[in-house]
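Chain residues, written in single-letter form:
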Amino acid sequence: MGDRTLVTLTAIAGLAVWTVVGVGSIVLVVKGCLLRTWGGPRWRIQAACAFTFTGTVAWVSGLLSQSGLMDKEDACRLDGAGYDSGFAESHSADSQRPFPLHDWCSAHHDLVPAWVNPTVVICGALALLAVTTAAWGAITQRARS
């Protein structure tokens, strides 16, 4: 087995574990909300995992919506938009950044859906809030003991 195959298999295994943990966290958070059994640091960590997974999925879907290997003009046409080469070239640096994601066809059309960047920000903020409140809860619970 070559090094490249080992790296590929490791990446696939990592993505599979991440997906199972993320989807499992979402299920546990929804179940906790429906049954009103939420609370405690453990539940907040589950919520942080769920928000992190959701934000990651949104970011990857935005990344995949960019033109990538396809010709930009063809990608814009396929998306039902006109292509303004001057505008697209002057904003080409936007498509190279990891965040916020953009891949402009013209001043009025971005190949990255409008919901992607706000979803990443909101999920990141909620994950940070969940981790912070979990830590605060654990600290105050330990202090009471």
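Per-chain numbering applies: the sequence of each chain, read as written, is numbered from 1 onward. For this predicted model, a pLDDT threshold of at least 70 governs which residues receive local features, and a threshold of 80 or more governs which side-chain atom pairs are given and counted, while totals over whole chains, interfaces and linings are taken from all residues. Excluding hydrogens and water, the side-chain figures rest on all heavy atoms present in the structure.

A. Just the packing of aromatic side chains, in detail. Here a Phe, Tyr or Trp ring, Trp counted by its six-membered ring, pairs with any other such ring whose centre lies within 6.5 Å, and the pair is stacked when the planes are under 30 degrees apart, edge-to-face when over 60, and tilted otherwise. Taken as a whole and assessed by the stated rule, the structure comprises 2 aromatic pairs. Relative to tryptophan 104, the ring of phenylalanine 87 lies with its centre 6.1 Å away and its plane at 90 degrees, an arrangement referred to as edge-to-face. Within this pair, whereas phenylalanine 87 is found in helix α4 (residues 85-90), its partner tryptophan 104 is found in strand β1 (residues 104-106), the two being separated by 17 residues in sequence. Only DSSP runs of H or I with at least four residues qualify as helices, and only runs of E with at least two residues qualify as strands; both kinds are numbered from the N terminus onward.

B. Representation of the pattern of salt bridges in the model. Here a salt bridge means any side-chain nitrogen of Lys or Arg lying within 4 Å of a carboxyl oxygen belonging to Asp or Glu. Under the defined criterion, the tally for this structure stands at 4 salt bridges. The shortest N-O distance in the salt bridge between aspartate 103 and lysine 72 comes to 2.7 Å. Taken together, the residues span a long stretch of sequence, with aspartate 103 in the loop between α4 and β1 and lysine 72 in helix α3 (residues 72-78) at a distance of 31 residues. In this pair, the class of aspartate 103 matches that of lysine 72, namely buried. For the salt bridge of glutamate 73 with arginine 77, the shortest nitrogen-to-oxygen distance reads 3.2 Å. Taken as a pair, glutamate 73 and arginine 77 lie in helix α3 at a separation of 4 residues, close to a single helical turn. Using a 1.4 Å probe on the protein chains alone, a residue whose accessible area is under 20% of its type maximum counts as buried, one over 50% counts as exposed, and one in between counts as partly exposed. Classification of glutamate 73 by relative accessible area gives partly exposed; the value is 36%. Residue classification places arginine 77 among the exposed positions, given a relative accessible area of 52%. Among the ionic contacts, a cluster of salt bridges with common partners joins Glu73, Asp74 and Arg77.

C. Just a nonpolar patch on the surface, in detail. Where nonpolar side chains cluster on the molecular surface, the patch consists of Ile26, Val30, Leu34 and Leu35 and spans about 380 Å² of accessible area. Inspection of the secondary structure assignment puts isoleucine 26 in helix α1 (residues 3-35). Think of a patch as exposed residues, more than 30% relative accessible area, with no salt bridge, where like charges cluster within 9 Å and nonpolar side chains (Val, Leu, Ile, Met, Phe, Trp, Tyr) cluster within 5 Å. The accessible surface values rely on the Shrake-Rupley method and a 1.4 Å probe; as for residues, cover is taken only from the protein chains in view.

D. Just the packing of α1 against helix α2 (residues 40-65), in detail. Between N-to-C directions, angles cover 0 to 180 degrees, with each direction set by a line fitted to C-alpha atoms, over the stretch in contact for helices. Viewed as axis vectors pointing N to C, α1 and α2 meet at an angle of 125 degrees, and their least axial separation amounts to 8 Å. Put simply, α1 runs oblique to α2. Crossing of α1 over α2 shows left-handed handedness. Across from Trp18, Thr19, Gly22, Val23, Ser25, Ile26, Leu28, Val29, Gly32 and Cys33 in α1, the residues of α2 making contact are Trp43, Gln46, Ala47, Cys49, Ala50, Thr52, Phe53, Thr54 and Thr56. Under this scheme an angle from 65 to 115 degrees is roughly perpendicular, one under 35 degrees roughly parallel, and one over 145 degrees roughly antiparallel; angles in between are oblique. Handedness of a helix crossing follows the sense of rotation of the near helix relative to the far helix, less than a right angle counterclockwise being left-handed and clockwise being right-handed. The contact criterion used is simple: two residues touch if any of their non-hydrogen atoms lie within 4.5 Å.

E. Here's a closer look at unusual backbone geometry. Phenylalanine 99 connects to proline 100 through a cis peptide bond whose omega is -10 degrees. Along the polypeptide, proline 100 turns up in the loop between α4 and β1. A positive phi angle, close to 55 degrees, is found at arginine 36, a residue other than glycine. Within the secondary structure layout, arginine 36 lies in the loop between α1 and α2.

F. Highlighting the environment of glycine 24. Note that glycine 24 resides in helix α1. Taking the C-alpha atoms as reference, glycine 24 lies 19 Å from leucine 128; in sequence the two are 104 residues apart.

G. Structural detail: the state of the cysteines. Disulfide assignment relies on a single distance test, namely cysteine sulfur atoms paired within 2.5 Å. According to the stated counting rule, one finds 1 disulfide in the structure shown. Unpaired in terms of disulfides, cysteine 33 finds its nearest cysteine sulfur in cysteine 123, a separation of 14 Å. Free cysteine: cysteine 49, not disulfide-bonded; nearest cysteine sulfur from cysteine 123 at 13 Å.

That's the geometry; what it means functionally is another story.
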